[in-house]
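Coordinate analysis (summary)
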Amino acid sequence: MILHVKHIPAKQTALAASVASTLVTAAGDGQVQPRLLENLNVHLDWVQYKTNFREAISLRRAVRGEEVLPWIEVGVDLRQVQQESLKTEFVSALNDVADSAQASKKRVYLEPFTPIRSGVIWRFNELFWKHLPLWETASGHGFETALPGGTSDANHPEAIADAVADFWTLLKDLEGHNLLPPEIFALEIGVGTGQRAAAWLNRFRALDRERGTQYYPRIRFLLADYSMATLNRAMEAVSEHRELASFLAVDALDPFKSLSFLRYKVLSIHLTNVYDNLPTDEIVVRDGKLYFVETRAFVNAAHAARICESVGIAPAEFVRTANRLLEVGPQHVLQSNVEQGVKFWRSVWDAIHLEERFVAIQSSLDAPLPPGVKPALLENLIGEGVQNQRFHISSGALESFLNTVPLLHPRGYLQVQDIFVTKFEDYSKMFRGPGKMDGSIVNWVNGALLAEVGAQAGYDVHFAPFHYREGSRTSTLYTTHRE
Amino acid sequence: MSLPTLPTTVVGSYSMPGWLERLKTEYFARRISRQELDEIHDAAVKAAIKDQEVCGLDIITDGELRRDNMIDYFAERLPGVQTDHTSKKFYYDFFDSVVRGKLPMASLRLADDFRFLSSFTERGTKFCVTGPHTLVKRIKDEHYKNEEAFAMDLARVMNMELKELTRAGARHIQIDEPYYSGFPEDLQWGVRVLNTLVEGVDAKIALHVCYGNRYGKPSWAGNYRYLFPAILDANIQQLTLEFARRGGEDLELFKENPNKLELGVGVIDVKTHEVETPEIVAERLRKALKFVPPERVFVLPDCGLLHLPREVAFAKLRTMVLGTKIVRKELGG
C-alpha cells in the first residue's frame, strides 16, 4: 500500500496523521488481502467543498477496454471521515473489490458509467438554473448567498469602477484613431441577478457625463444567459438602461451560435462564475500513465428509500421519478404538489454521489478535447516528468472560450472572473472539484490549459488575483491580442 | 502563359496541416534536423501545388508552407538581421529579431523556393513577399531609429532579391502589406518604400492589403478609404483586397478614384470554416464587376488559407473556381 497525502490545511494535519495511522494499522493487521495491498494506492484529501459528490471513503478501479486492471485506488476525504468508523469503512470498501455485485446492491444508480461532462449531474445543474426561483423559495435564500462571502465578487463596486475606467480608456483611444464604431457593443454572459450589469451601466453613464464624451448613448449592452428566469430578473435590475440593453438566450458553451452577427464587433465581453459551472472532464496520471475519468451517479440505497418515503413514492420508483424530474421539472414530477416536487429534487441532489473509474488511454492524443483544441497542447501541459496528477480538462470552459473570442473586435477584450488553477502543478495542492454550490455544480477551471488554448487562438491569457475582497479565491482572466 | 478572363489564384498561403505544425515545432525543440525539415517541406509544398491544380486555379503558389509566419521567413534570411533562435516555443510565434547596423546587400535565396515551385507545375505561378512596411513593424530597430529609413534600406536589399526572382522566371510577384491597415498614417512613406522595392523589377506586381490574418482573426478594423488616393502613386499593377468578410462597400472607392489598376477581388472569407456556395462567389464577383472591367479583375480568397483545415481550404478553392466559371459564362467566356 502506498499512501499519498495531498497538501492539507495546517489545522488538519493532526487529523491526517491519525487517519494515516489508522489506515496503516488496518492494512497491517491482516484484515485486507495481501494481494489487494500490493496494488493499493490511498489518497488523502481535504475536500474543499462542504457538499460534494464524494463519500468519506471512495473506491476507484481502472479499466483498459473490458479488462479491470489490478491496481486499486482509495480516496479518503478528511473532511467527511469519521474516526470511529474509518477502519471498518476502509476494510469494507476493499472487500467490495472482491464482491462488486454485492457492493452494487448498496447503491441505486442513476446512470451507467459515462464521461463526467455527459453525466446526469449536469442535467441537475441545468434544472437548478431553469427553476431557480423554486429552489430559492425552498431554501429561503438567494443563490448568491451560497458563494464564499455571501455575494458575487462580480458586483464589487471598486472592481466595476476600474473595469469601466479601462473600457472608457479603450473607447477614447479608438476615437483618437478615428476607429470608434458607431455602435459600441458590450456583452455579459451569465448575468446572475443583473446587479453587475446595472452597476456597470450606472458607472459608465456617470463617467461618460463627467468626462463629456458621448459614448453612453452608443452603448449596446447585451445580457446573455441560458436561463430565462435569470434573464427576467436581470431585466428588472437594468430597467433604467432599457433602451441600451438587450436580453438574449445564449448557451455559454457556444455564444457564437446565437451572436454570429456580432463577429469581430464586441469591444468588451465579461463572464463571472460561468466557467466553473460548465461541464468538464478529468484526466488522471498514475505512475506516468494516463487515464480518463468516468463516473456514474448514485444514491445510497438506504438514503433513496428514505427520500421515497418522505414524498410518498415506492422505492422501486426512485430512478424513474428522478429521471422524470429532469424531464418535466419539479412542478410536475409528483402529482401531489409543487412543494413535494421541490423537496424530492433537493433531497436527491443532496444525496447524489459519484462513483469513479479510470479508463486507460494510450496518450494525451486520445483525451476527449473539445473541437479546436489540439492534443499537442495537453501534451505540452502535462510534460514528460509527471508521474501522479489529477486535473480538469475544463472542456466546457475551453469550448466557451473558443466560441466567444470570434465575437471580439480586433481591439476588444474578454474578462472572466472565476476560480482558476493558473499553474498545472497547483492541481496537486488541493481538491479542485466538482463540488455542490446550492443546486449547482462548481469546479475550478484549468487556467494553465486555457492559457495554452488561448495562445493557439491568438490571445495571450493573463490572470490577476481579485484583490478587491480579502480572502477571495477568484481571479480575473483577461485577454490581450497575441502578436 | 495566357490566362482566362477572371484568373483565379490564392493570396499566398495554403492550409497548414496539423502534422506539419507539429513537425515544425519539433524542429525548434531540436528533435528533428534541418535536413529532415527541408525534406518534409518539399513534400508538403508538392501536395499544396497538387491541391491547387486539382481545384482548378490558374495561378498557384507554393502555399508558403516553408514559412513559419510572414515575418520570420524573411527576418531569418535578411542580412544584418539577428534572430534569437531560442525565442519561440511554437513555430508560429515570432522570433525576437533585431537589426543593429546598416543592412548589407546580400541574397535572401528566395529564388530557390520559386524554382522548386515552378519545376512542379505547368500552371502560372506567383511568389509572395512580405513588404518592408510590415517587416519594420516586427523587427526591432536599434540602428536606424527611423521606420522609413529602415524600411527604405530593406526595400533596397529586397529589390535585388525581386530581380533575382524574375531572373529565375517569376512573372507575378505579390507584395504583402497588411500593416498598412494598422498604421494608415504611414501610407505616404509606405508608398515611397514600395516604389523603391519594385523599381526595375520586370514582373507583374500585385499589392495585397488586408486587415490582418494572424491566428485567423483580423488585427484591425476600419475600411480601405485610407488607401486613396496615395496608393495610386504606387508603381504596381494590381491591388488585392478583402471583400468577402467585410462586404463590397469599399468597391465604391474604385468609382470615386478612377485608376488603371487590376483588382484582386477577395471572394472567399478565410476567417470562417463555412464554405461558400458557387452562387455566393459569383454574386460577389458580379458586384466587383460593376466597378472594374473583367479584363482587370483577378479572383482570390480574402487572404491566406493557412489557418483553415485542409478540407475546408480545398472546398473553398473549388467553390471559388466554380463561382468564377459561372461569371465567365455570363461574360461569354
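The numbering scheme is per chain: residues are counted from 1 as the chain's sequence reads. Each chain gets a letter, beginning with A, and each ligand a number, beginning with 1, in the order they are written. Two thresholds apply to this predicted model, a pLDDT of at least 70 for residue-level local features and 80 or more for giving and counting side-chain atom pairs, whereas whole-chain, interface and lining totals are computed over all residues. Only hydrogens and water are set aside; all other atoms, that is, all heavy atoms of the structure, feed into the side-chain values.

A few points about the overall build of chain B
To be explicit about the condition: Think of it this way: any DSSP run of H or I at least four residues long counts as a helix, any run of E at least two long counts as a strand, and we number them from the N terminus. Here the globule rule is a power law, 2.2 Å times the number of residues to the power 0.38, and the radius of gyration is based on C-alpha atoms. Relative accessible area decides the class of each residue, using a 1.4 Å probe on protein chains only: under 20% of the type maximum gives buried, over 50% gives exposed, and in between gives partly exposed. Note on areas: Shrake-Rupley with a 1.4 Å probe; residue coverage comes only from the protein chains shown. Charged-residue counts in this description rest on Lys and Arg as positive and Asp and Glu as negative, His and the chain ends being excluded. For the purpose of locating charges, the reference atoms are NZ of Lys, CZ of Arg, CG of Asp and CD of Glu.
Looking only at helices and strands, one finds 10 helices and 11 strands in chain B. In terms of overall dimensions, chain B is globule-like: its C-alpha atoms have a radius of gyration of 19 Å, near the 20 Å expected for 333 residues. In terms of overall dimensions, chain B has a C-alpha envelope of 55 × 40 × 35 Å along the principal axes. Counting every position in chain B, which comprises 333 residues, the buried fraction comes to 61%. Element-wise, carbon and sulfur atoms account for 49% of the exposed surface of chain B, whose accessible area totals about 13,200 Å². With 47 positive and 49 negative side-chain charges, chain B shows a spacing of 1 Å between the two charge centroids.

Some details on the sheet that holds strand 8 (residues 204–209) of chain B
Residue and element names in this part refer to chain B. Note the threshold: Pairing between two strands is assigned when DSSP locates at least 2 bridges connecting them. Between N-to-C directions, angles cover 0 to 180 degrees, with each direction set by a line fitted to C-alpha atoms, over the stretch in contact for helices.
Read from one edge to the other, the open sheet built from six strands follows the order 5-7-8-9-10-11, with strand pairing classed as parallel. The open sheet has two free edges, formed respectively by strand 5 (127–130) and strand 11 (297–301), since each of these has just one partner strand. Each strand axis lies, on average, 25° off the axis of its neighbour in the sheet, ignoring direction. Where strand 10 (residues 262–268) meets strand 11, five bridges bridge the pair, whose relative direction is parallel. In the sheet register, Gly 264 faces strand 11, and the bridge partner there is Phe 298.

A short note on the confidence of the model for chain A
What counts is decided by this rule: pLDDT expresses, on a scale from 0 to 100, how confident the predictor is about each individual residue.
Looking at chain A, the pLDDT average stands at 91 and 100% of residues meet or exceed 70. For chain A, per-element mean pLDDT is lowest for helix 4 (residues 100–104) of chain A, which scores 75, and highest for strand 7 (residues 184–189) of chain A, which scores 97.

Focus on the environment of B:Leu165
All names here are of chain B. Heads up, the condition is: By definition, residues are in contact when any of their heavy atoms lie within 4.5 Å.
Mapping Leu 165 onto the fold places it in helix 6 (residues 147–167). With 14 residues separating them in the primary sequence, Leu 165 and Ala 151 have C-alpha atoms 20 Å apart. Residues in contact with Leu 165, not counting those within four places in the same chain, are Leu 110, Ala 111, Phe 114, Phe 127, Val 129, Ala 170 and Ile 173.

Observations regarding unusual backbone geometry
At the junction of A:Gly433 and A:Pro434, the peptide bond is cis and its omega measures out at 15° in the coordinates. Structurally, the position occupied by A:Pro434 is in the loop between strand 16 (420–421) and strand 17 (435–437). B:Phe228 connects to B:Pro229 through a cis peptide bond whose omega is 0°. By the element assignment, B:Pro229 lies in the loop between strand 8 and strand 9 (238–242).

Re the interface of chain A and chain B
Rules: Accessible surface is computed with a 1.4 Å probe, and the buried area is the amount of it that two parts give up when combined, taken over both parts together. Every case where a carboxyl oxygen of Asp or Glu lies within 4 Å of a side-chain nitrogen of Lys or Arg is listed as a salt bridge. Side-chain atoms alone can form a polar contact between residues adjacent in sequence; in general such a contact is a pair of N or O atoms within 3.5 Å, and within protein one must be able to donate a hydrogen while the other accepts it.
Tallying the contact residues gives 19 residues for chain A and 22 residues for chain B. Interface area for chain A against chain B, summed over the two sides, is near 1,500 Å², with a carbon-plus-sulfur share of 45%. Inspection of the region where chain A meets chain B yields five salt bridges. Among the salt bridges present, the one from B:Asp93 reaches A:Arg482, with a minimum N-O distance of 2.7 Å. For the pair chain A and chain B, the interface holds 10 residue pairs in polar contact (both at pLDDT 80 or more). Every element with two or more residues in the side of chain A that touches chain B is listed here: helix 14 (375–382), strand 15 (408–418) and helix 16 (447–456) of chain A. No other element matches the three residues that helix 16 of chain A contributes to the side of chain A that touches chain B.

Focus on helix 2 (residues 34–55) of chain B
All names here are of chain B. Quick note on the threshold: Helix span is expected to be 1.5 Å times the residue number reduced by one.
The first and last C-alpha atoms of helix 2 sit 31 Å apart over 22 residues, in line with the 32 Å expected at 1.5 Å per residue. Along helix 2, the residues that are buried comprise Leu 37, Ile 40, His 41, Ala 44, Val 45, Ala 48, Ile 49, Asp 51, Gln 52, Glu 53 and Cys 55. Check the buried side of helix 2 and you find it contacts helix 1 (18–28), strand 1 (59–60), helix 4 (110–119) and helix 10 (310–330). Gly 56 lies just past helix 2 and shows a positive phi near 95°.

Some thoughts on the pairing of strand 21 (residues 475–481) of chain A
Where strand 15 of chain A and strand 21 of chain A come together, four bridges link them in antiparallel fashion. Residue pairing for strand 21 of chain A: A:Gln415 is matched across the bridge by A:Tyr478.

Structural notes on helix 12 (residues 318–328) of chain A
All names here are of chain A. Note the following rule: The arc in question is formed by the directions pointing from the helix axis toward the C-beta atoms.
For helix 12, the full list of buried residues reads Phe 318, Thr 321, Ala 322, Leu 325 and Leu 326. Projected down its long axis, helix 12 carries its buried residues within an arc of 140°, all on one side. The outward face of helix 12, more than 90 degrees from its buried face, is lined by the exposed residues Arg 320 and Glu 327. Residues of helix 12 that are buried sit in contact with strand 5 (107–109), helix 5 (121–130), strand 12 (289–300), helix 11 (301–311) and helix 13 (338–351).

A look at the pattern of salt bridges
Under the defined criterion, the tally for this structure stands at 54 salt bridges over all chains. Note that A:Glu379 and B:Arg22 form a salt bridge whose closest N and O atoms lie 2.6 Å from each other. Of this pair, A:Glu379 sits in helix 14 while B:Arg22 sits in helix 1, each in a different chain. A salt bridge links B:Glu276 to B:Arg284, with the shortest nitrogen-to-oxygen separation between them at 3.4 Å. Here B:Glu276 falls in the buried class, since its relative accessible area comes to 8%. Residues participating in the shared-partner salt-bridge network are A:Arg60, A:Glu73, A:Glu282, A:Arg286, A:Glu356 and A:Arg390.

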